[in-house]
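The chain contents come next:
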Amino acid sequence: MSAACFNVARVLGPAFAGLLIAGFGTGAVMALNAGSYLAVVVGLRMMRPSELRRVTRDGRARVTDGLRHLASRPDLVVPLAMVFIGLFGLNFQLTLPLLAKTVFHADATSFGLLTTAFAAGSLLAALADTARRGRPSGRTVTGAALAFGALETAAGWAPTYAAATALPAGTGFASIYFAQAANHRIQLGSDPRYRGRVLAVYTLILQGSTPLGALLIGWLTAHLGARSPLYLGGLVSVAATLGVLLVDRVCTRLRTARPRSAPPMESFSNSAEAQ
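Rules and cut-offs
- Residues numbered from 1 in each chain as written.
- Predicted model: local features only at pLDDT ≥ 70, side-chain atom pairs only at ≥ 80, totals over all residues.
- Heavy atoms only, no water.
- 1 Å grid on protein atoms, 1.4 Å probe; cavity = no way out; pocket = protein on both sides within 12 Å on 5 of 7 lines; lining within 4 Å.
- Points joined across faces, edges and corners; volume = space filled by probe spheres on them.
- Helix = DSSP H or I, 4+ residues; strand = E, 2+ residues; numbered from the N terminus.
- Nonpolar A, V, L, I, M, F, W, Y, C, P; charged D, E, K, R; others polar.
- Phe/Tyr/Trp six-rings, centres within 6.5 Å; stacked < 30°, edge-to-face > 60°.
- Buried < 20%, exposed > 50% of the residue type's maximum accessible area, 1.4 Å probe, protein only.
- Lys NZ or Arg CZ within 6 Å of the ring centre and 35° of its normal.

*Asks:* Sorry if this is basic, but what is going on with the layout of surface pockets here?
*Replies:* Over the atoms, a rolled probe matching the size of one water molecule traces out where space is still vacant. What the largest pocket holds in volume is close to 1600 Å³. Looking at the largest pocket, it is lined by 50 residues, and the ones nearest its centre are F6, N7, R10, Q93 and F118. Counting residues per element, the lining of the largest pocket draws most heavily on helix 1 (residues 2–24), at 13 residues. Of the residues assigned to the lining of the largest pocket, the class counts are 28 nonpolar, 18 polar and four charged.

*Asks:* Quick question: what am I supposed to make of the packing of aromatic side chains here?
*Replies:* According to the stated counting rule, one finds four aromatic pairs in the structure shown. Relative to F148, the ring of F92 lies with its centre 6.2 Å away and its plane at 80 degrees, an arrangement referred to as edge-to-face. Taken together, the residues span a long stretch of sequence, with F92 in helix 7 (residues 92–103) and F148 in helix 9 (residues 138–157) at a distance of 56 residues. The same class applies to F92 and to F148, which are both buried. Summarising the aromatic geometry, the rings of F173 and Y177 are spaced 5.9 Å apart at their centres and angled 10 degrees between planes, so their arrangement reads as stacked. Taken together, the residues F173 and Y177, both in helix 10 (residues 161–189) and four residues apart, mark about one turn of the helix. Following the ring pairs from residue to residue traces out a cluster consisting of F92, F118 and F148. One cation-aromatic arrangement involves R132 over Y177; the distance from NZ or CZ to the ring centre is 5.3 Å.

Structural data, given as C-alpha coordinates:
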(Lines give C-alpha, C1' and ligand atoms only; values in the text may rest on other atoms or scores of the structure.)
Protein backbone atom coordinates (compact mmCIF):
# COMPACT_ATOMS: atom_id res chain seq x y z
CA MET A 1 0.00 0.00 0.00
CA SER A 2 2.92 2.33 0.66
CA ALA A 3 4.18 1.71 -2.88
CA ALA A 4 0.65 2.26 -4.23
CA CYS A 5 0.33 5.65 -2.51
CA PHE A 6 3.80 6.65 -3.68
CA ASN A 7 3.01 5.78 -7.28
CA VAL A 8 -0.33 7.59 -7.25
CA ALA A 9 1.71 10.72 -6.64
CA ARG A 10 4.05 9.71 -9.46
CA VAL A 11 1.06 9.42 -11.82
CA LEU A 12 -0.67 12.67 -10.88
CA GLY A 13 2.45 14.77 -10.26
CA PRO A 14 4.05 14.65 -13.73
CA ALA A 15 0.67 15.05 -15.44
CA PHE A 16 -0.10 18.27 -13.55
CA ALA A 17 3.51 19.46 -13.71
CA GLY A 18 3.58 19.18 -17.49
CA LEU A 19 0.49 21.37 -17.80
CA LEU A 20 1.70 23.89 -15.20
CA ILE A 21 5.17 24.20 -16.74
CA ALA A 22 3.60 24.99 -20.09
CA GLY A 23 1.51 27.76 -18.49
CA PHE A 24 3.68 29.18 -15.71
CA GLY A 25 7.25 28.01 -16.29
CA THR A 26 9.58 25.60 -14.52
CA GLY A 27 10.47 27.90 -11.61
CA ALA A 28 6.88 28.36 -10.47
CA VAL A 29 6.26 24.60 -10.51
CA MET A 30 9.43 23.93 -8.50
CA ALA A 31 8.33 26.52 -5.92
CA LEU A 32 4.89 24.88 -5.71
CA ASN A 33 6.51 21.47 -5.25
CA ALA A 34 8.72 22.81 -2.46
CA GLY A 35 5.70 24.30 -0.71
CA SER A 36 3.86 20.97 -0.86
CA TYR A 37 6.36 19.53 1.62
CA LEU A 38 4.80 21.69 4.31
CA ALA A 39 2.01 19.11 4.43
CA VAL A 40 4.57 16.46 5.42
CA VAL A 41 5.95 18.70 8.17
CA VAL A 42 2.45 19.39 9.49
CA GLY A 43 1.65 15.66 9.46
CA LEU A 44 4.79 14.84 11.45
CA ARG A 45 4.04 17.58 13.97
CA MET A 46 0.52 16.18 14.47
CA MET A 47 1.84 12.77 15.54
CA ARG A 48 1.37 12.02 19.25
CA PRO A 49 4.48 10.24 20.61
CA SER A 50 2.55 9.07 23.67
CA GLU A 51 0.45 6.78 21.45
CA LEU A 52 3.44 5.10 19.79
CA ARG A 53 4.23 1.55 20.90
CA ARG A 54 7.85 1.37 21.96
CA VAL A 55 9.94 -1.79 21.83
CA THR A 56 12.58 -2.55 24.42
CA ARG A 57 15.85 -2.99 22.55
CA ASP A 58 18.48 -5.56 23.38
CA GLY A 59 21.56 -3.58 24.38
CA ARG A 60 23.78 -6.39 23.16
CA ALA A 61 22.39 -6.32 19.61
CA ARG A 62 24.91 -5.24 16.98
CA VAL A 63 24.78 -4.51 13.27
CA THR A 64 27.26 -7.31 12.66
CA ASP A 65 24.70 -9.79 14.05
CA GLY A 66 22.41 -8.94 11.14
CA LEU A 67 25.25 -9.37 8.65
CA ARG A 68 26.09 -12.79 10.11
CA HIS A 69 22.43 -13.74 9.82
CA LEU A 70 22.49 -12.73 6.17
CA ALA A 71 25.68 -14.70 5.52
CA SER A 72 23.97 -17.85 6.76
CA ARG A 73 20.90 -17.40 4.54
CA PRO A 74 21.48 -17.84 0.80
CA ASP A 75 17.74 -17.36 0.17
CA LEU A 76 18.19 -13.77 1.45
CA VAL A 77 21.59 -13.02 -0.06
CA VAL A 78 20.55 -13.91 -3.62
CA PRO A 79 17.60 -11.44 -3.88
CA LEU A 80 19.81 -8.81 -2.25
CA ALA A 81 22.41 -9.41 -4.96
CA MET A 82 19.70 -9.06 -7.61
CA VAL A 83 18.54 -5.76 -6.10
CA PHE A 84 22.03 -4.40 -6.78
CA ILE A 85 21.03 -4.14 -10.46
CA GLY A 86 19.55 -0.80 -9.41
CA LEU A 87 23.07 0.56 -9.91
CA PHE A 88 22.49 0.29 -13.67
CA GLY A 89 18.78 -0.20 -14.25
CA LEU A 90 16.75 1.94 -11.84
CA ASN A 91 17.73 5.49 -12.75
CA PHE A 92 14.58 6.38 -14.64
CA GLN A 93 14.45 9.87 -13.14
CA LEU A 94 17.47 10.55 -15.39
CA THR A 95 16.94 8.29 -18.39
CA LEU A 96 13.33 9.25 -19.18
CA PRO A 97 13.93 13.04 -19.32
CA LEU A 98 17.01 12.47 -21.49
CA LEU A 99 15.07 10.17 -23.81
CA ALA A 100 12.20 12.66 -24.10
CA LYS A 101 14.38 15.69 -24.75
CA THR A 102 17.28 14.44 -26.87
CA VAL A 103 15.64 11.61 -28.84
CA PHE A 104 12.00 12.63 -29.32
CA HIS A 105 12.42 16.38 -28.71
CA ALA A 106 9.27 16.37 -26.58
CA ASP A 107 7.87 19.47 -24.87
CA ALA A 108 6.88 19.67 -21.19
CA THR A 109 3.40 18.25 -21.81
CA SER A 110 4.71 15.28 -23.80
CA PHE A 111 7.37 14.61 -21.17
CA GLY A 112 4.66 14.62 -18.50
CA LEU A 113 2.76 11.99 -20.48
CA LEU A 114 5.88 9.82 -20.79
CA THR A 115 6.62 9.86 -17.05
CA THR A 116 2.94 9.40 -16.24
CA ALA A 117 2.87 6.23 -18.36
CA PHE A 118 5.88 4.90 -16.46
CA ALA A 119 4.31 5.77 -13.12
CA ALA A 120 0.96 4.24 -14.13
CA GLY A 121 2.68 0.92 -14.78
CA SER A 122 4.42 1.22 -11.41
CA LEU A 123 1.08 1.89 -9.72
CA LEU A 124 -0.51 -1.20 -11.28
CA ALA A 125 2.39 -3.31 -9.99
CA ALA A 126 2.03 -1.86 -6.49
CA LEU A 127 -1.70 -2.64 -6.50
CA ALA A 128 -1.02 -6.16 -7.80
CA ASP A 129 1.41 -6.70 -4.93
CA THR A 130 -1.34 -6.00 -2.39
CA ALA A 131 -2.94 -9.32 -3.42
CA ARG A 132 0.10 -11.27 -2.25
CA ARG A 133 -0.74 -13.50 0.73
CA GLY A 134 2.63 -15.05 1.53
CA ARG A 135 6.34 -15.04 0.88
CA PRO A 136 7.05 -14.97 -2.88
CA SER A 137 9.10 -17.80 -4.31
CA GLY A 138 12.60 -17.45 -5.67
CA ARG A 139 11.21 -18.07 -9.13
CA THR A 140 8.88 -15.10 -8.78
CA VAL A 141 11.78 -12.78 -7.96
CA THR A 142 13.88 -14.20 -10.78
CA GLY A 143 11.09 -13.95 -13.35
CA ALA A 144 10.35 -10.35 -12.38
CA ALA A 145 14.04 -9.41 -12.63
CA LEU A 146 14.37 -10.97 -16.08
CA ALA A 147 11.16 -9.32 -17.30
CA PHE A 148 12.37 -5.97 -16.00
CA GLY A 149 15.69 -6.27 -17.84
CA ALA A 150 14.02 -7.30 -21.09
CA LEU A 151 11.45 -4.49 -20.98
CA GLU A 152 14.04 -1.84 -20.14
CA THR A 153 16.13 -2.95 -23.10
CA ALA A 154 13.04 -2.73 -25.33
CA ALA A 155 12.28 0.75 -23.97
CA GLY A 156 15.71 1.89 -25.08
CA TRP A 157 14.97 0.61 -28.58
CA ALA A 158 11.54 2.34 -28.87
CA PRO A 159 11.47 3.76 -32.43
CA THR A 160 8.56 6.20 -31.98
CA TYR A 161 7.17 8.40 -29.23
CA ALA A 162 4.07 6.17 -28.99
CA ALA A 163 6.24 3.12 -28.41
CA ALA A 164 8.35 5.12 -25.95
CA THR A 165 5.17 5.80 -23.98
CA ALA A 166 3.92 2.20 -23.98
CA LEU A 167 7.19 0.41 -23.22
CA PRO A 168 8.07 2.50 -20.12
CA ALA A 169 4.65 1.60 -18.72
CA GLY A 170 5.60 -2.09 -18.88
CA THR A 171 9.06 -1.29 -17.54
CA GLY A 172 7.55 0.62 -14.63
CA PHE A 173 5.30 -2.34 -13.82
CA ALA A 174 8.20 -4.81 -13.93
CA SER A 175 10.56 -2.61 -11.90
CA ILE A 176 8.15 -2.16 -8.99
CA TYR A 177 6.95 -5.77 -9.11
CA PHE A 178 10.56 -6.97 -8.94
CA ALA A 179 11.56 -4.56 -6.15
CA GLN A 180 8.49 -5.47 -4.08
CA ALA A 181 8.89 -9.21 -4.66
CA ALA A 182 12.51 -9.02 -3.52
CA ASN A 183 11.48 -6.91 -0.52
CA HIS A 184 8.75 -9.36 0.52
CA ARG A 185 10.98 -12.40 0.09
CA ILE A 186 13.70 -10.80 2.23
CA GLN A 187 11.35 -9.34 4.84
CA LEU A 188 9.12 -12.37 5.33
CA GLY A 189 12.08 -14.76 5.35
CA SER A 190 14.22 -12.93 7.89
CA ASP A 191 14.49 -13.87 11.54
CA PRO A 192 12.34 -11.27 13.36
CA ARG A 193 15.30 -10.47 15.62
CA TYR A 194 17.31 -9.24 12.63
CA ARG A 195 14.59 -8.08 10.27
CA GLY A 196 15.21 -4.37 10.78
CA ARG A 197 18.92 -4.72 10.12
CA VAL A 198 18.36 -6.92 7.08
CA LEU A 199 15.90 -4.42 5.58
CA ALA A 200 18.41 -1.65 6.27
CA VAL A 201 20.86 -3.50 4.03
CA TYR A 202 18.13 -3.91 1.40
CA THR A 203 17.37 -0.18 1.44
CA LEU A 204 21.05 0.71 1.34
CA ILE A 205 21.59 -1.43 -1.76
CA LEU A 206 18.39 -0.39 -3.57
CA GLN A 207 18.54 3.35 -2.92
CA GLY A 208 22.25 3.77 -2.29
CA SER A 209 23.40 2.27 -5.57
CA THR A 210 21.30 4.43 -7.91
CA PRO A 211 23.22 7.71 -7.25
CA LEU A 212 26.44 5.91 -8.18
CA GLY A 213 24.80 4.65 -11.35
CA ALA A 214 23.77 8.22 -12.19
CA LEU A 215 27.43 9.11 -12.76
CA LEU A 216 27.77 6.31 -15.29
CA ILE A 217 24.50 7.29 -16.98
CA GLY A 218 25.72 10.85 -17.46
CA TRP A 219 28.96 9.65 -19.04
CA LEU A 220 27.19 7.18 -21.33
CA THR A 221 24.67 9.76 -22.50
CA ALA A 222 27.39 12.25 -23.34
CA HIS A 223 29.34 9.72 -25.40
CA LEU A 224 26.80 7.20 -26.75
CA GLY A 225 23.43 8.95 -26.64
CA ALA A 226 20.32 8.86 -24.44
CA ARG A 227 19.30 5.32 -25.45
CA SER A 228 22.54 3.71 -24.23
CA PRO A 229 21.76 3.82 -20.47
CA LEU A 230 18.50 1.94 -21.08
CA TYR A 231 20.29 -0.66 -23.19
CA LEU A 232 23.00 -1.06 -20.57
CA GLY A 233 20.60 -1.15 -17.63
CA GLY A 234 18.38 -3.76 -19.26
CA LEU A 235 21.13 -6.04 -20.53
CA VAL A 236 23.13 -5.84 -17.29
CA SER A 237 19.98 -6.65 -15.32
CA VAL A 238 19.38 -9.79 -17.38
CA ALA A 239 23.03 -10.83 -17.26
CA ALA A 240 23.33 -10.15 -13.52
CA THR A 241 20.21 -12.16 -12.74
CA LEU A 242 21.42 -15.12 -14.77
CA GLY A 243 24.86 -14.84 -13.18
CA VAL A 244 23.46 -14.79 -9.65
CA LEU A 245 21.32 -17.83 -10.39
CA LEU A 246 24.32 -19.69 -11.82
CA VAL A 247 26.43 -18.97 -8.75
CA ASP A 248 23.57 -20.02 -6.47
CA ARG A 249 23.15 -23.27 -8.40
CA VAL A 250 26.88 -24.07 -8.09
CA CYS A 251 26.90 -23.24 -4.38
CA THR A 252 23.82 -25.42 -3.84
CA ARG A 253 25.52 -28.40 -5.45
CA LEU A 254 28.61 -27.88 -3.33
CA ARG A 255 26.52 -27.74 -0.16
CA THR A 256 24.57 -30.88 -1.02
CA ALA A 257 27.88 -32.69 -1.55
CA ARG A 258 28.82 -32.19 2.13
CA PRO A 259 28.81 -35.15 4.56
CA ARG A 260 25.36 -36.14 5.78
CA SER A 261 26.21 -35.00 9.30
CA ALA A 262 26.28 -31.41 8.02
CA PRO A 263 22.78 -30.62 6.67
CA PRO A 264 22.77 -28.36 3.58
CA MET A 265 21.69 -24.78 4.03
CA GLU A 266 18.57 -23.46 2.33
CA SER A 267 19.25 -22.16 -1.17
CA PHE A 268 17.46 -19.44 -3.08
CA SER A 269 15.83 -21.58 -5.75
CA ASN A 270 15.26 -24.77 -3.78
CA SER A 271 13.64 -23.36 -0.65
CA ALA A 272 10.25 -24.57 0.53
CA GLU A 273 8.56 -21.41 -0.79
CA ALA A 274 9.91 -22.02 -4.30
CA GLN A 275 8.37 -25.47 -4.62
